[in-house]
Amino acid sequence: MAFDSDSSVDRPLSAVEVKEDLECLKILFKNFYVAQKIFPNIDLVKRIENQIAAAVPKSGMELRDDIFKLHEGMYDLHLSYRIGQD
């Protein structure tokens, strides 16, 4: 991740570094995100791949915020889906 623990500052990331971090996130979600298995119609991996394809240089804090938005959006979709099934 981009947070530089030596100097405790947020540092800029190149587009390549952003893509590498998102690729790691994709692997984690693909293998461990239980909700993805419960709600396969909501393709989180595809959403992450879209973020990877559109990656641009940004700060580590911006990337962190983007990752949280992805996760929060998925939670909202899962909740909406579940309510619709009841």
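Rules and cut-offs
Residues numbered from 1 in each chain as written. Predicted model: local features only at pLDDT ≥ 70, side-chain atom pairs only at ≥ 80, totals over all residues. Heavy atoms only, no water. Helix = DSSP H or I, 4+ residues; strand = E, 2+ residues; numbered from the N terminus. Contact = heavy atoms within 4.5 Å. Core = buried A, V, L, I, M, F, W, Y, C linked by side-chain atoms within 4.5 Å. Buried < 20%, exposed > 50% of the residue type's maximum accessible area, 1.4 Å probe, protein only. Salt bridge = Lys/Arg side-chain N within 4 Å of Asp/Glu carboxyl O. Arc of directions from axis to C-beta. pLDDT = per-residue confidence, 0-100.

K.L.:
An account of the overall build of the chain is needed here, citing residue identities and associated values.
P.N.:
Along its length, the chain carries four helices and four strands. Secondary structure elements in the chain, listed N-terminal to C-terminal, are β-β-β-α-α-α-β-α. Counting only contacts in the chain whose residues sit at least 6 apart along the sequence, the fraction spanning at least 24 positions is 65%.

K.L.:
Kindly report on the nonpolar core, identifying the contributing residues and their values.
P.N.:
Generally speaking, nonpolar side chains in soluble globular proteins are found buried as a group. If you look at the biggest cluster of nonpolar residues, it comprises twelve residues: Leu13, Val18, Leu22, Leu25, Phe29, Leu44, Ile48, Ile52, Ala55, Leu63, Ile67 and Leu70. Looking at this core, the elements that each hand over two or more residues are helix H1 (15-32), helix H3 (44-53) and helix H4 (60-85). The greatest single-element share of this core, amounting to four residues, is contributed by H1. When neighbours within four sequence positions are excluded, isoleucine 52 is seen to be in contact with Lys19, Leu22, Glu23 and Lys26.

K.L.:
Please set out the pattern of salt bridges residue by residue, giving values where relevant.
P.N.:
Following the criterion strictly, the structure yields five salt bridges and no others. Measuring nitrogen to oxygen at the nearest pair gives 3.6 Å for the salt bridge that ties glutamate 23 to lysine 26. Of this pair, glutamate 23 and lysine 26 both sit in helix H1, three residues apart, which is roughly one turn of that helix. Notably, a salt bridge pairs lysine 58 with aspartate 66, separated by 2.4 Å at the nearest N-O pair. Three or more residues are tied together by salt bridges with common partners; here these are Glu23, Lys26 and Glu49.

K.L.:
Got a sec to walk through the environment of leucine 28? Specific residues and values, please.
P.N.:
Within the element layout of this structure, leucine 28 appears in helix H1. By relative accessible area, leucine 28 is classed as partly exposed at 47%. Sequence-wise, leucine 28 and valine 45 are 17 residues apart; in three dimensions their C-alpha atoms are separated by 9.8 Å.

K.L.:
Report on H3, specifying residues and quantitative values.
P.N.:
Every buried residue belonging to H3 is among Leu44, Val45, Ile48 and Ile52, and all of these are buried. Projected down its long axis, H3 shows its buried positions confined to an angular sector of 100°, all on one face.

K.L.:
Quick rundown of the confidence of the model for the chain? Include the residues and the values.
P.N.:
Predicted confidence across the chain gives a mean pLDDT of 75, with 62% of residues reaching 70 or more. For the chain, strand E1 (residues 3-4) is the element with the lowest average pLDDT, namely 47, and strand E4 (residues 58-59) is the one with the highest, namely 92.

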